[in-house]
Amino acid sequence: MPKMRFLLPLLAIMLLLPSVALASGHPAFPKTLELYWVIPFVCILLSIAICPLAVPHFWHHHFGKVAIFWGLAFLVPATFVFGFELVSFYAVETILLEYLPFIILLLSLFTAAGGIRLKGTLVGTPAVNTGLLAFGTIIASWIGTTGAAMLLIRPLIRANKHRKYQVHQIVFFIFLVANIGGSLTPLGDPPLFLGFLKGVSFFWTTVHLFVKTAFISIILLVIYFLLDTVLYKKEGSPRPAASENANAEKLGLDGKINLLFVACIVGLVLMSGSWNPGVTFHVYGIPVELQNVTRDICLLLVVFLSMKFTSKQCRELNDFNWEPIAEVAKLFIGIFLSMIPALVILRAGTEGSLASLISMVTDPATGEPLNYMYFWMTGILSSFLDNAPTYLVFFNTAGGDAQYLMHHVGTLSAISAGAVFMGAVTYIGNAPNFMVRSIAENSGIKMPSFFGYMVWSVGILWPVFILTTFIFFFEFSPHRFASYIVCVCV
């Protein structure tokens, strides 16, 4: 089992806190919360971007402490200004309802998918690599971006052990398998699952995002194939050493029991969204629903069963270790806590400090939604914030009525596509991004820094997203065209 001892102090704090349940309901920060409260969140992003380059030894040994520091850098001053009762409520609510379910789901998918080993010798030619990326993109909507990424990242790395240039393979893998491929069902990515809980039909995104997803995926796969072909020829079209071929296994799967466990995880996620027994527990005034508690307990049981029924040899041959999920768990506790004021300000909508930003999604002349702005605003914020609550902010800004929005296809498509597609722009845009990067680095691949990765993503993805905007989301008028150019440039 992973070393998650750093979670024990958080759980202890939750148990020792006095009750903050209020008879009047959910306590709230003022809607006019100032933007400077977001500074700790900006600082943790800068730490993730700069420290691995500037102080690599310190960062490697203390990144968890740095993440907690920036979380406390918001919580402690906020306690003096707004009071212990309010701040502790938000901290416990964030950990209990957002962070713990998030990390438990990732842990279960990481463990189960990490116990499935693709046997046999795959040789990392451009055609084979493109096929692996295409397959991962297809299955990501059905077993989740995390499940697909954890299932295929190690086979991709093993297939290209003999290759000199490997970074581009991991970058495109993050683009396609860890993000864009998860856009077709609520199982694919958390924002779409929240939409499902709000009443969006299960196959709505399958129908209305299919062409957009296929369009972007095909462009990226073609770009990848051409780039990998050029680099492969530059390397001299290398083949694995003869000694590796001599020990080759037949193509197949080891740890097949984990396919059942992945299916159980998918079923549990669907269960928590469709089964509502109407039973709610209150922990310090925070409502915790029975279906969600049941889901998380069963997911932890899946982790235990996966470890018990998967051979140690299978995991060793699959280069499985706990470092990637531990890194995500440590960094994201700081991200979730320091992100609280950013989400509070966004949820305040036109009454908050970012009112001018929120108002950009509506045409001031007609009051009609600007779908291209919904796509970019949802997407850019999802690149740096948790894409699930960002999706909800703009879902509610657009009216918050699933039945209404499902008939206004352009707006809901723009929000959904922005939240999922642009999670690929940064390492923190979607949790699998970090785990894929960590697995690649543990395998000896020197991955780009935070900003180095953004050079790849902005340089490749943004032109594709701009093209997608003009084809699918843009209704031309001189005023709207000018607004769009300003948005992209900013």
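Just so you know, these numbers come straight off a predicted model, no measurement behind them.

Cut-offs and rules
Along each chain, residue indices are assigned from 1 in the same order as the chain's sequence is written. Under the rules for a predicted model, residues below a pLDDT of 70 receive no local features and side-chain atom pairs below 80 are neither given nor counted, while totals for whole chains, interfaces and linings still include all residues. Just so you know, side-chain values use all the structure's heavy atoms and leave hydrogens and water out. Secondary structure elements are defined from DSSP: runs of H or I of at least 4 residues count as helices, runs of E of at least 2 residues count as strands, and each element is numbered from the N terminus. Exposed residues in this analysis have more than 50% of their type's maximum accessible area, buried residues have under 20%, and partly exposed residues fall in between, with area computed by a 1.4 Å probe over protein chains only. We call two residues contacting when some pair of their heavy atoms lies within 4.5 Å. What sets the accessible areas is the Shrake-Rupley method with a 1.4 Å probe; for residues, cover comes only from the shown protein chains. Salt bridges are counted wherever a side-chain nitrogen of Lys or Arg sits within 4 Å of a carboxyl oxygen of Asp or Glu. Cysteine sulfurs are considered disulfide-paired once they come within 2.5 Å of each other. Within this analysis, patches are made of residues with over 30% relative accessible area and no salt bridge. Like charges are joined at 9 Å or less; nonpolar side chains (Val, Leu, Ile, Met, Phe, Trp, Tyr) at 5 Å or less. Aromatic contacts are taken between Phe, Tyr and Trp rings whose centres are within 6.5 Å, Trp giving its six-membered ring; a plane angle under 30 degrees counts as stacked, one over 60 as edge-to-face, and the others as tilted. Distance and angle both matter: a charge sits over a ring if NZ of Lys or CZ of Arg is within 6 Å of the ring centre and within 35 degrees of the ring normal. In this description, a nonpolar core means a group of buried Ala, Val, Leu, Ile, Met, Phe, Trp, Tyr and Cys residues linked to one another through side-chain atoms lying within 4.5 Å. Polar contacts here mean pairs of N or O atoms no more than 3.5 Å apart (in protein, one a potential hydrogen donor and the other a potential acceptor; neighbouring residues in sequence count only if both atoms are side-chain atoms). The bend reported for a residue corresponds to the angle between axes fitted to the seven residues ending at that residue and the seven starting there. The length a helix should cover is 1.5 Å for every residue beyond the first. Every angle, taken between N-to-C directions, lies between 0 and 180 degrees, and every axis is a line fitted to C-alpha atoms, over only the stretch in contact when it is a helix. Angular relationships are summarised with four words: roughly parallel below 35 degrees, roughly antiparallel beyond 145, roughly perpendicular across 65 to 115, and oblique for the angles in between. By definition, any crossing whose near helix is turned counterclockwise from its far helix by less than a right angle is left-handed, and any crossing with a clockwise turn is right-handed.

As for the overall build of the protein
Here's step 1: Scanning the protein for helices and strands turns up 22 helices and four strands.
Here's step 2: Within the protein, the fraction of its 490 residues that count as buried is 55%.
Here's step 3: At a minimum sequence separation of 6, the contacts of the protein that also span at least 24 residues come to 81%.
Here's step 4: As displayed, the protein has an accessible area near 20500 Å², and 68% of this comes from carbon and sulfur atoms.

Re the pattern of salt bridges
Here's step 1: Across all of its chains, the model carries six salt bridges by this definition.
Here's step 2: Among the ionic pairs, Arg117 bridges to Asp254, the shortest N-O distance being 3.9 Å. With Arg117 in strand S1 (residues 117-119) and Asp254 in strand S2 (residues 252-254), this residue pair connects regions lying 137 residues apart in the sequence.
Here's step 3: Salt-bridge contacts for Asp296 lead to Arg295; the nearest nitrogen and oxygen are separated by 3.0 Å. For the pair formed by Asp296 and Arg295, the shared burial category is buried.
Here's step 4: Several salt bridges converge on common partners, so that one network encompasses Arg163, Asp228 and Glu235.

Here we look at the state of the cysteines
Here's step 1: Using the criterion set out here, one finds zero disulfides in the structure.
Here's step 2: A disulfide-free cysteine, Cys298 has its sulfur positioned 9.2 Å from the sulfur of Cys264, the nearest such atom.

Some details on a nonpolar patch on the surface
Here's step 1: On the surface, Ile68, Leu72, Val76, Phe80 and Val81 cluster together to form a nonpolar patch covering roughly 480 Å² of accessible area.
Here's step 2: By the secondary structure assignment, Val81 is in helix H3 (residues 56-82).

So, the packing of aromatic side chains
Here's step 1: Under the definition given, this model contains 36 aromatic pairs.
Here's step 2: Through successive ring pairs, a cluster of aromatic residues spans Tyr99, Phe102, Phe172, Phe175, Tyr224, Phe332, Phe336, Tyr427, Phe434 and Tyr453.
Here's step 3: One residue, Arg315, lies across the ring of Phe320, its end atom 4.6 Å from the ring centre.
Here's step 4: The ring of Tyr427 has Arg437 lying over it, and the distance from NZ or CZ to the ring centre is 5.0 Å.

Regarding the nonpolar core
Here's step 1: The biggest cluster of nonpolar side chains holds 148 residues, and the ones touching the most others in it are Phe175, Leu220 and Phe465.
Here's step 2: Tallying contributions element by element places helix H4 (residues 84-113) first for this core, with 19 residues.
Here's step 3: Those residues in contact with Phe175 that sit more than four places away from it in its chain are Ile180, Leu220, Ala424, Tyr453, Trp456, Ser457, Ile460 and Leu461.
Here's step 4: Leu187, Phe196, Val266 and Val269 belong to the second largest nonpolar core, which has six residues in total.

Observations regarding the side chain of Ser88
Here's step 1: Topologically, Ser88 is positioned in helix H4.
Here's step 2: One polar contact links the side chain of Ser88 to the main-chain carbonyl oxygen of Phe84, over a distance of 2.6 Å.

A word on helix H2 (residues 39-54)
Here's step 1: If you look at H2, its biggest bend is around 30°, right at Ile48, and the proline Pro52 turns up within four residues after that.
Here's step 2: Considered for burial, the residues of H2 that qualify are Pro40, Phe41, Cys43, Ile44, Leu45, Ser47, Ile48, Ala49 and Cys51.
Here's step 3: Check the buried side of H2 and you find it contacts H3, helix H13 (323-338), helix H16 (371-384), helix H20 (431-442) and helix H21 (450-473).

As for the environment of Thr206
Here's step 1: Counting through the fold element by element, Thr206 comes out in helix H8 (residues 204-234).
Here's step 2: Judged by relative accessible area, which is 19%, Thr206 ranks as buried.
Here's step 3: Apart from the residues lying within four places of it in its own chain, the contact partners of Thr206 are Leu184 and Thr185.
Here's step 4: Among the polar contacts listed, one links the side chain of Thr206 to the backbone oxygen of Leu184, at a separation of 2.5 Å.

Quick notes on unusual backbone geometry
Here's step 1: With a phi angle near 50°, Ser237 is a residue other than glycine that sits in the positive phi range.
Here's step 2: Relative to the helices and strands, Ser237 resides in the loop between H8 and helix H9 (242-246).
Here's step 3: Even without being a glycine, Asp319 presents a positive backbone phi close to 55°.
Here's step 4: Residue Asp319 is classed as partly exposed on the basis of its relative accessible area of 40%.

Section: H20
The periodicity of an α-helix, 3.6 residues per turn, causes residues three or four places apart in sequence to face the same way.
Here's step 1: The terminal C-alpha atoms of H20 lie 17 Å apart, and with twelve residues this matches the ideal 16 Å at 1.5 Å per residue to within 8%.
Here's step 2: In terms of burial, H20 is a largely internal element, ten of the twelve residues being buried.
Here's step 3: Considered for burial, the residues of H20 that qualify are Ala431, Pro432, Asn433, Phe434, Met435, Val436, Arg437, Ser438, Ile439 and Ala440.
Here's step 4: Its buried side turned inward, H20 meets H2, H4, helix H5 (126-159), helix H6 (167-176) and H13.
Here's step 5: In the segment just after H20, Gly444 is the residue with positive phi, at about 95°.

Describing the packing of H6 against H20
Here's step 1: Look at H6 against H20: their axes get within 10 Å of each other, and the N-to-C directions meet at 160°. The angle between the axes of H6 and H20 places the two elements in the roughly antiparallel class. Both H6 and H20 take part in a crossing whose hand is right-handed. Contacts from Ile170, Phe173 and Ile174 of H6 reach H20 at Asn433, Val436 and Ala440.

Any functional reading would require information beyond the geometric quantities listed.
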